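# Examining the three-dimensional arrangement
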Amino acid sequence: MDRGAPTFCFVVVAVLALASFVASVNVTTLAFDEGYVPLFGEGNLVRSAGGRNVSLLLNRFSGSGFISKDMYYHGFFSASIKLPSDYTAGVVVAFYTSNGDVFEKNHDELDFEFLGNIRGKEWRVQTNVYGNGSTCRGREERYYLPFDPTADFHRYSILWTAENIIFYIDDTPIREVRRSDAMGGDYPSKPMSLYATIWDASNWATAGGKYKVNYKFGPFVSSFSDLALLGCRLDPIQQVPTTQNGCTAADAELAATELHVVTPEKRRAMRAFREQYMSYSVCYDRARYPEPFPECDILESEGKRFRESGHLKFRRHHRRMSRRGRGAVVADANRQPRML
């Protein structure tokens, strides 16, 4: 994530409904001190008494963030996150993997970026996939959230394997990027750390910078729980595995979760989510990329909803749903939203 650099490629509009249920993820969670250390703004990082939860604050003096103690060569990175409430224009909360501190000119990165809003508007989330410094070939997508992410915790997860990358919201996959020879170095291939940050992005985050952070509504607080790190841990000095066998046990543990397997049920869930919530996709942005990226799964039913710019042609109006529990989002047979 290029913090402070404008993400100017999008104008966002969207529609609403829900994806089908996918079985819960079962991985071991960590206390903060077991897997993470403060990154910046340590005075604005507040840990719970038991260390299982951590809150990041943004005030007029500083934002804050944390980073995993280790770098990972492939892995599953997950947290339940509750976003700041009220007026949050210009505020960005990010949950992402990166190696930009080690590979400054050819870094890899996988992002969830939560873009603040003016009161009463839906929150938006953006996913990014950058490999080998390919930010100029941005593989971005944006979505509206079908629930109020400030009212309760929701799980956001990034899975990164040698074959595919999957972004999950709760237990529903919302995006998959499959590795191919045609992607070349654009597929993330170097060890990455996990980051979480909150910061002031007044110059671009809300309506292209029209609405700035208003600190009279601060401090802005984003809370994290159910922290999970699963993958091949590497010494930062090592940077890449000396042999593939160095990651055999970790790869087997990751594979045992079957999170990388997109079953027909998961595929239906993902398509339902994307058809109803996706507001921008690089795969349909012919203005920037006349030829879609090799990993793009172009669907006629999906593509006809987007302009040449990759933005939606229109947005149907739906009432925003409230969160009534910690279960995953589901849809009934006639596609009317409900919650478990």
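Note: the structure precedes this text.
So, here is what we can say about the structure in this document. (Residues numbered from 1 in each chain as written. Predicted model: local features only at pLDDT ≥ 70, side-chain atom pairs only at ≥ 80, totals over all residues. Heavy atoms only, no water.)

### Re the sheet that holds strand β15 (residues 278–285)
This is how the line gets drawn: The pairing criterion for strands is at least two bridges between them, as found by DSSP. Strands are runs of DSSP state E lasting at least two residues, helices are runs of H or I lasting at least four, and both sets are numbered from the N terminus onward. An axis is simply a line fitted to the C-alpha atoms; with a helix, the fit covers only the stretch in contact. Between two such axes, the angle follows the N-to-C directions and lies from 0 to 180 degrees.
Across the sheet, which stays open at both edges, the 9 strands sit in the order β1-β4-β13-β6-β7-β8-β9-β15-β16 with antiparallel pairing between neighbours. Edge positions in the sheet fall to β1 (36–40) and β16 (309–311), since each has one partner strand and no second. Strand-to-strand twist across the sheet, computed as the mean angle between neighbouring axes with direction ignored, equals 20°. When strand β7 (residues 109–115) meets strand β8 (residues 124–130), the two strands line up antiparallel, connected through 7 bridges. Bridge pairing in β8 links L115 to R124.

### Side note on empty space enclosed by the protein
So the rule is basically this: Throughout, the protein atoms alone are placed on a 1 Å grid, and a set of points is a cavity if a 1.4 Å probe fits but cannot get out or a pocket if it is open with protein on both sides within 12 Å along at least five of seven lines; lining residues have an atom within 4 Å of a point. Grid points are joined across faces, edges and corners, and a volume is the space filled by probe spheres set on the points. Under the scheme applied here, ten amino acids are nonpolar (Ala, Val, Leu, Ile, Met, Phe, Trp, Tyr, Cys and Pro), four are charged (Asp, Glu, Lys and Arg), and all others, including Gly, are polar.
Counting across every chain of the model gives 3 cavities of 30 Å³ or more. Space inside the largest cavity adds up to approximately 240 Å³. The wall of the largest cavity is formed by 18 residues, among which E141, E176, R274, E295 and D297 lie closest to the centre. Put simply, the parts of the chain that give the lining of the largest cavity at least two residues each are β12 (172–178), α3 (264–277) and β15. Among the residues forming the lining of the largest cavity, the class breakdown is 7 nonpolar, 1 polar and 10 charged.

### Observations regarding the state of the cysteines
Basically, it comes down to this: Throughout, a disulfide means two cysteine sulfur atoms within 2.5 Å of one another. Residue burial is assigned from relative accessible area. The probe radius is 1.4 Å, only protein chains are included, and a residue is buried under 20% of its type maximum, exposed over 50%, and partly exposed in between.
Scanning all chains against the criterion turns up 2 disulfides. Shown here is the disulfide that connects C232 with C247, its sulfur atoms set 2.0 Å apart. A torsion of -75° about the S-S bond marks the disulfide between C232 and C247 as left-handed. Here C232 is found in strand β14 (residues 220–234), whereas its partner C247 is found in the loop between β14 and α2 (248–256), with 15 residues between them in sequence. Taking relative accessible area as the criterion, C232 reaches 3% and is therefore assigned buried. Look at C247 and you get buried, because its relative accessible area is 1%. Linked covalently through their sulfurs, C283 and C296 form a disulfide whose S-S length is 2.1 Å. Across the disulfide from C283 to C296, rotation about the S-S bond amounts to roughly -85°, and the bridge is consequently left-handed. Here C283, found in strand β15, pairs with C296, found in the loop between β15 and α4 (300–303); they are 13 residues apart in sequence, far enough to count as distant. Residue C283 shares its accessibility class with C296, and that shared class is buried. The connectivity of the disulfide bonds within the chain can be written as 1-2, 3-4, using the sequence rank of each bonded cysteine.

### Focus: unusual backbone geometry
In this model, G218 is joined to P219 through a cis peptide bond whose omega is 0°. In this structure, P219 sits in the loop between β13 (193–200) and β14. In this model, H74 sits at a positive phi of 75°, which is unusual for a non-glycine residue. Of note, H74 is situated in strand β5 (residues 71–82). In this structure H74 comes out as buried when scored by relative accessible area, which is 6%. Unusually for a residue other than glycine, D86 sits at a positive phi of about 70°.

Purely geometric stuff here, so don't read any function into it on its own.
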